[in-house]
Amino acid sequence: MRIAKPLLLITTPIGVVFGLQEAWRFHWWLAVLMAVLIGVISGFIWLTVSRIRRDSRDSQAPSAMASNASQRS
């Protein structure tokens, strides 16, 4: 995993760009459609990550306040 993660982080965007370039050479509208699809998927990933972070932050807030209240007593 020490080598695989950085390799995937580098090669995946390069592969996506190469795929968009080849799609543009084949038919320009196919590249536009692929770019829209990538944008929609990225948007849903962003929404999911932000929801998980918000829920995690909200679930930790009451326990942090309770521990602070018990330390003050």
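Rules used in this analysis
Residues numbered from 1 in each chain as written. Predicted model: local features only at pLDDT ≥ 70, side-chain atom pairs only at ≥ 80, totals over all residues. Heavy atoms only, no water. Salt bridge = Lys/Arg side-chain N within 4 Å of Asp/Glu carboxyl O. Helix = DSSP H or I, 4+ residues; strand = E, 2+ residues; numbered from the N terminus. Buried < 20%, exposed > 50% of the residue type's maximum accessible area, 1.4 Å probe, protein only.

A. Just the pattern of salt bridges, in detail. Evaluation of the coordinates by the stated rule reveals 2 salt bridges. Among the ionic pairs, Glu22 bridges to Arg25, the shortest N-O distance being 3.3 Å. With Glu22 and Arg25 both in helix α1 (residues 4-26) and 3 residues apart, this pair spans about one turn of that helix. Put simply, Arg51 and Asp55 hold a salt bridge, and the shortest N to O gap is 3.4 Å. Residue Arg51 and its partner Asp55 are both found in helix α2 (residues 28-72); the two are separated by 4 residues, about one turn of the helix. Here Arg51 falls in the partly exposed class, since its relative accessible area comes to 47%.

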